[in-house]
Amino acid sequence: MAVLGRQPTDKAKSLYEPEPAEVVSVEKLTDLENVYALQLASGHPLGHLPGQFVQLALLGIGECPISICSSPTRPNTFELCVRRVGEVTEHIHRLREGDTIGVRGPLGNGFDVHELHGKDILIVAGGLGLAPVRSLIQYILDERARFGQFHLLYGARSPGELLFRNDLTLWRERDDVNFHMTVDRPDEQWRGRSGVVTTLFSEVPRLEPGETQVVIVGPPVMFKFVVLEVLARRIHQRNIFCSLERRMKCGVGKCGHCQANNVYVCLEGPVFRYGELKALREAIE
Amino acid sequence: MLDRVVSQSQLLALVDELALSRRIVGPVRRSDRHFYGPVDRADKLDLDFKYCVYSPKAALFPADQTLFEFQTGPDGFQTSPVYDESPLALVGVHPCDINAIRLLDRVFSNTNIDEHYLSRRRQTFIVGIDCPTPCTSGVFCRDMKANEAREGADIMCSPLPPNGVSDDVRYGVVFGTDAGREFVLYSHAGDPPTVDDERASERYISDKARAFPQSIPYDVDALPELLERSYDSLLWEATARRCYSCGSCNLSCPTCYCFNTYDRLEMTLTSGTRQREWDGCQLRSFAVVAGDHNFRAKAAARLRHRIYRKAKWVKEREGVAGCVGCARCDRACTAKISSVEIYNQLAEEV
Ligand SMILES: Cc1cc2nc3c(=O)[nH]c(=O)nc-3n(C[C@H](O)[C@H](O)[C@H](O)COP(=O)(O)OP(=O)(O)OC[C@H]3O[C@@H](n4cnc5c(N)ncnc54)[C@H](O)[C@@H]3O)c2cc1C
Ligand code: SF4
Ligand code: FES
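Below or above, wherever it landed, is the structure these notes cover. (Residues numbered from 1 in each chain as written. Chains lettered and ligands numbered in written order. Predicted model: local features only at pLDDT ≥ 70, side-chain atom pairs only at ≥ 80, totals over all residues. Heavy atoms only, no water.)

Considering the pairing of strand β8 (residues 150–156) of chain A
All names here are of chain A. As a reminder of what qualifies: We call a residue buried when its accessible area falls under 20% of the maximum for its residue type, exposed when it is over 50%, and partly exposed in between, using a 1.4 Å probe and counting protein chains only. Counting from the N terminus, the helices are DSSP H or I runs at least four residues long and the strands are E runs at least two residues long. Two strands pair if DSSP finds at least two bridges between them. Convention used here: a crossover is right-handed provided that the path from the first strand, over the helix, to the second strand proceeds clockwise when the strands point away from the viewer.
The buried count for β8 comes to seven of seven residues, which makes it a mostly enclosed element. Alternating positions in β8 separate into two faces, Phe150, Leu152, Tyr154 and Ala156 on one and His151, Leu153 and Gly155 on the other, with burial throughout. Both strand β7 (residues 120–126) and β8 contribute to a ladder of six bridges, which runs parallel. Bridge pairing links Ile123 to Leu152 in β8. Note that the unit made of β7, helix α4 (residues 130–142) and β8 has a crossover that is right-handed. Once you follow β8 into helix α5 (residues 165–173) and on to strand β9 (residues 178–183), the crossover reads as right-handed.

A short note on the sheet that holds strand β1 (residues 4–7) of chain B
Residues and elements named next belong to chain B. We apply this condition: Between the N-to-C directions of two axes lies an angle of 0 to 180 degrees, each axis being a line fitted to C-alpha atoms and, for a helix, fitted only over the stretch in contact.
The strand order across the open sheet formed by seven strands is β1-β9-β8-β7-β6-β2-β3, and the pairing between neighbours is mixed. One side of each edge strand has no neighbouring strand; the edge strands of this open sheet are β1 and β3 (33–39). Along the sheet, successive strands turn relative to each other by an average axial angle of 25 degrees, direction set aside. Pairing analysis gives five bridges linking strand β8 (residues 155–159) to strand β9 (residues 170–175), with the strands arranged antiparallel. Counterpart to Pro159 in the pairing with β9 is Tyr171.

Concerning α5(A)
Residues and elements named next belong to chain A. Our working rule: To obtain the arc, one takes the directions from the helix axis to the C-beta atoms. For this analysis, residues touch if any pair of their heavy atoms sits within 4.5 Å.
Those residues of α5 not exposed but buried are Asp167, Leu168 and Trp171. Projected down its long axis, α5 shows its buried positions confined to an angular sector of 100 degrees, all on one face. Pointing more than 90 degrees away from the buried face of α5 are the exposed residues Asn166, Arg172 and Glu173. If you follow the buried residues of α5, they end up packed against α4, β8 and β9.

A word on the site of ligand 2
For clarity, the cut-off: Nearness is judged by heavy atoms alone; a residue qualifies as near a molecule or strand once a single heavy atom is within 4 Å of it. Side-chain classes are defined by residue name, with Ala, Val, Leu, Ile, Met, Phe, Trp, Tyr, Cys and Pro counting as nonpolar, Asp, Glu, Lys and Arg as charged, and the others, Gly among them, as polar.
Neighbouring residues of ligand 2: Cys243(B), Tyr244(B), Ser245(B), Cys246(B), Gly247(B), Ser248(B), Cys249(B), Gln282(B), Arg306(B), Cys333(B), Ala335(B) and Ile337(B). Class assignment of the residues belonging to the shell around ligand 2 gives a composition of seven nonpolar, four polar and one charged.

A word on the site of ligand 1
Put simply, the rule is: To be clear on the numbers: accessible area is Shrake-Rupley with a 1.4 Å probe, and residue cover counts the displayed protein chains and nothing else. Domain limits in this description derive from either an automatic procedure or a database domain assignment.
Taken together, 22 residues lie around ligand 1, and Pro65(A), Arg83(A), Thr89(A), Glu245(A) and Ala290(B) are the ones closest in. More than a single chain frames ligand 1: its nearby residues are located in chains A and B. Coverage of ligand 1 by the protein amounts to 88% of the 830 Å² it exposes when considered alone. Of all the elements in the fold, those that place two or more residues in the shell around ligand 1 are β4 (62–67), β5 (78–83) and α2 (87–92) of chain A. Classifying every residue of the shell around ligand 1 by side-chain character gives twelve nonpolar, three polar and seven charged. When residues of the shell around ligand 1 are assigned to domains, at least three map to each of domain 1 (8–107) and domain 2 (113–277) of chain A.

Treat this as a map of the structure, not an account of what it does.
This is how it looks when you write it as structure tokens:
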């Protein structure tokens, strides 16, 4: 085996070693989610694709996979939206501006943006699913001339859970994106639409099946209903993409935690074509 | 074709020579069982062992291993990777375990190179010992095409039938690598094979072919296809009813390589290590994410996952089989769940 014969590079870098990054800013989005802008201590840009993720490490506490929620077209910093749900994310929420955190990545495949160039785009995001897909939304808006029509649908459970409110306002004001959002459970102040995200499809005009690429990211239940809606519009299965979540420990195809049948989500994913997923029995359950 | 013939005492002398510059890990007897363990002298090894309870995997991929050390301070943190490059010799490794090591070599060197495994592996000299007969009942290494190891060991030793001249066991040696060839030839151990030795070696091979029974009623190359058709079989649920989800099968498997990572913090709270430890897909928590969602909540789904990995998916991904037929999982299981029995039952699914 060639690698076995190879001489070890002296003190070769470990696959598992994070590099330091500085917290440039912290913004509270909701009771549970903060968004962190980070900059690698090396000064290099992260060099990611929309849809990729990093392993975020707090040394002494642990690591967890987090999607990069900003576009590589904005390279000075990169952003991560972190929901506080357990041990590591709890500690991440204690970070302040100027603190240092460990980062490994970018990891995973990300969206193949070249395949999306020149096409009409429909993005449907539900809940925290907006985070991974925001990198792609920013990318499309920054490179707007490369894309055809752009439809964007977003659903959250309640108004209090809406993420990236500044972005939502911005997107609504732009006339080069057909943006609509809804909440499942409105409160008294809510003036917008209510109902599940599929109700927003009435705002999407006729789609050209061969010319439209669709990205769906959200909880599994939402995924099924949205796929149905999209297939009813005769979109090709190979043109529907989604991003999967799994338990992850290494992020580099070794530890086995992220397997969905024979697929390693950290390597071959997290972005998959719907056509591939259908054949993969453990993917959507 | 043999490269050399050595007696057992000459082989032990070779091991002592290896011990001058390497740690030695080989079969040692503890009460009535054998385990791979560290020794400082060859005469502490028992080369007449039948099999070792566990494979020598832990010598290359320790059950708990430091990946890197870190230090934190007001200006951030520093890390430095930890690699073990101390020379090692694994002695008395059977073909099944050599084939398992070939899989680990592949897994840790494909796509992303894992220096923590490879730095040890590069420094490891393997003395293989072939099995003339099944080492114990229940093994199905022949069915898995893993009771021979043409590659993987630096030298491979097959115990030749007695020649009537000496009582000492004689081994026909085949060099697997240049390192193996150089080591044996420079130490002038043993003799070049004679015509009689070659004949004895041929007899060894034909006796061996008869000595291993067939345990699975089809060629294992058909196994992936059989599994493909059995995903929704009731077999998984029926068998998994007995499963305790204890993970003993994973723990005893020479090819299981899944792991967990965790941080160890010193009392000062400013330095520590990132560790990795063996994990097992049969444990309930293996695929659990925050919010307690479990992607493989049922024991049946976990059992199916293990069998598919061993008999289909690993081979499809890595090109090297994921099961070597050593039956350690079958012996380790308190619920008497048997992989070879499952492979047999699959033949009945149409
Ligand atoms: C590709 C990918 C992208 C993700 N992107 C985001 C994101 O942008 N924002 C966000 O808030 N969350 C995201 N998650 C989920 C996030 O990783 C988990 O919420 C986080 O790991 C929980 O860790 P914890 O220690 O706080 O929770 P605990 O429940 O204490 O978790 C303990 C350990 O379990 C593992 N684990 C638990 N939940 C998950 C999970 N859902 N996915 C993977 N491993 C898990 C981790 O290894 C963690 O260290 C993403 C997950 C994946 C796989
Ligand atoms: S050893 Fe047996 S009981 Fe334990 S997890 Fe494996 S199959 Fe289940
Ligand atoms: S996260 Fe370890 S293999 Fe994918």
